[in-house]
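Results of the structural survey
Spelled out, the chains give:
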Amino acid sequence: MQVLSIEFMYQNVNLVLAKTNQRGVRVIRSVKSPFPENWFSNDGIKDVHALGIWLKNLIAANGLVSKKCHVVINNNHIVSHDVVLPMSDPKKFHRVVHNELINAMHLNPDVVTDYLVLEETNTEEEGHFVKVYGFAISEPILNEYLAAIRIAGLIPETVEPGNSSLLKLVDTLPHYGGQEQLLVADIGLEATRLYLYHQQKFNILYTTRYIGMGPEESDRKIQTAINTIDKVAQYAYSLHNAGITLVALAGNDDWLPEIKETIETSIGLKCTYLDVTPTVYSSKSTELQYVNAIGTILRRKS
């Protein structure tokens, strides 16, 4: 089945056209484009119609033929938080998570929520508890994204945050199962997100945005990403009394070689590029800047 995935950031959009089958995902074509105007603010999309028309033209110009799409929102329109809750009636559990996220993050009630189960424990002493990673977005802002997608001539099938799509992708990669402490670094153009895995379980998400840095300040952003990785590596040691056994890099392809070399030579950590095979295969080299867009395809793959 051929599918289109669209990843929205503040300043850029990533598009991935792919085919899915039992083997995994084969990337057919991928496109990265900056937005020609500043269409996004903390309050939502400033001009929904203009964004939709621009997106429609971009898709047509690049031959990304698809009637339906999967949407990834990878900016701070979506907020996230992990919570530990006593297990309740499965039919009511989403509502319990929804209310807990509103209380924990002091959100308005007009939010749409979803979650991933990270860990489940059931002991006689403590009872049945579930650790979930929850996500929330304002319903009016979500509707703006959906309206822009429909103006572009597409039917949105799913919407999810970049965090959950990358988590799902990493979960499909068996070759990372032997790492005591794995740090997956998604080096974006607008932020660095670090996913810490301890004993094969996702533990912590740490995000650093490049506040006050313009599009041309690549050197400052690269150094910020490196400093963030160093900081989280030290924190991980204090948390678990064990060092990072591997840093796996994804994100902006142009920056990764410099970051990899610095992590290995200056910080002294073993570092590699995120190996997404055999889940993802392509007729050309895998482009790690599209891992979030690919991840949402995997999550919804039948």
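Topic: the sheet that holds strand 15 (residues 271-273)
- Within the open sheet, the five strands sit side by side as 13-12-11-14-15. Their pairing is mixed. The open sheet has two free edges, formed respectively by strand 13 (201-209) and strand 15, since each of these has just one partner strand. For this sheet the average axis-to-axis angle between neighbouring strands, irrespective of direction, equals 20°.
- Examined bridge by bridge, strand 11 (residues 181-187) and strand 12 (residues 191-198) share seven bridges and lie antiparallel to one another.

A short note on the packing of aromatic side chains
- Per the stated rule, a full pass over the model turns up 14 aromatic pairs.
- Each residue in the set Phe-8, Tyr-10, Phe-35, Trp-39, Phe-40, Trp-54 and Tyr-145 is aromatic and connected to the rest through ring pairs, giving one cluster.

With respect to the pattern of salt bridges
- Under the criterion given, the structure shown has four salt bridges.
- Where Lys-68 meets Glu-157, a salt bridge forms, and the shortest distance between an N and an O atom there is 3.4 Å. Separated by 89 residues along the polypeptide, Lys-68 in strand 6 (residues 68-73) and Glu-157 in strand 10 (residues 155-161) bring together distant segments of the chain.
- Between Glu-217 and Arg-220 there is a salt bridge, with the nearest N and O atoms lying 2.8 Å from each other.
- A residue is classified by how much of its surface remains accessible, and Glu-217, at 22% relative accessible area, is partly exposed.
- Relative accessible area serves as the criterion here: at 43%, Arg-220 is assigned to the partly exposed category.

Topic: the nonpolar core
- Residues Ile-6, Phe-8, Ile-259 and Leu-274 are the most contacted members of the largest nonpolar core, which totals 88 residues.
- By residue number, the principal contributor to this core is helix 5 (residues 218-240), which donates seven residues.
- Dropping the residues within four chain positions of it, Ile-259 is found in contact with Ile-187, Ile-222, Ala-225, Ile-226, Ile-229 and Leu-249.
- Judged by nonpolar contacts, the second largest core, of eleven residues, contains Val-83, Leu-101, Val-130 and Val-132.

Observations regarding the side chain of Asn-292
- Inspection of the secondary structure assignment puts Asn-292 in helix 7 (residues 291-299).
- When near neighbours in sequence (up to four residues on either side) are disregarded, Asn-292 contacts Glu-7, Val-72, Asn-74, Gly-162, Ser-165, Leu-166 and Asp-186.

Overview of the pairing of strand 12
- Most of strand 12 is tucked away: eight of the eight residues are buried.
- Going residue by residue along strand 12, you find Ala-191, Arg-193, Tyr-195 and Tyr-197 tucked away on one face and Thr-192, Leu-194, Leu-196 and His-198 tucked away on the opposite face as well.
- Hairpin remark: strand 11 followed by strand 12, antiparallel, with three residues in the connecting loop.
- Bridging between strand 12 and strand 13 involves eight bridges; their strand directions are antiparallel. The residue of strand 13 that forms the bridge with Tyr-195 is Leu-205.
- Counted between consecutive antiparallel strands, the loop separating strand 12 from strand 13 contains two residues, among which Gln-199 sits at a positive phi close to 50°.

Definitions and cut-offs
Along each chain, numbering runs from 1 in the same order as the chain's sequence is written. Predicted model: local features are reported for residues with pLDDT of at least 70 only, side-chain atom pairs are reported and counted for 80 or more only, and whole-chain, interface and lining totals are derived from all residues. Remark: hydrogens and water are excluded; side-chain values derive from all non-hydrogen atoms of the structure. Think of it this way: DSSP has to see at least two bridges between two strands before they count as a pair. In this description a helix means any DSSP run of H or I spanning at least four residues, a strand means any run of E spanning at least two, and both kinds are numbered starting from the N terminus. Axis definition: a line fit to C-alpha positions, over the contact stretch in the case of helices; interaxial angles, taken between N-to-C directions, run 0 to 180 degrees. Under the pairing criterion, centres of Phe, Tyr and Trp rings, with the six-membered ring standing for Trp, must be within 6.5 Å; the plane angle then separates stacked pairs below 30 degrees from edge-to-face pairs above 60, leaving the rest tilted. When a carboxyl oxygen of Asp or Glu lies within 4 Å of a side-chain nitrogen of Lys or Arg, that pair is called a salt bridge. Relative accessible area decides the class of each residue, using a 1.4 Å probe on protein chains only: under 20% of the type maximum gives buried, over 50% gives exposed, and in between gives partly exposed. Take the buried Ala, Val, Leu, Ile, Met, Phe, Trp, Tyr and Cys residues and link them wherever side-chain atoms come within 4.5 Å; each set so joined is a nonpolar core. Any two residues whose heavy atoms approach within 4.5 Å are treated as being in contact.

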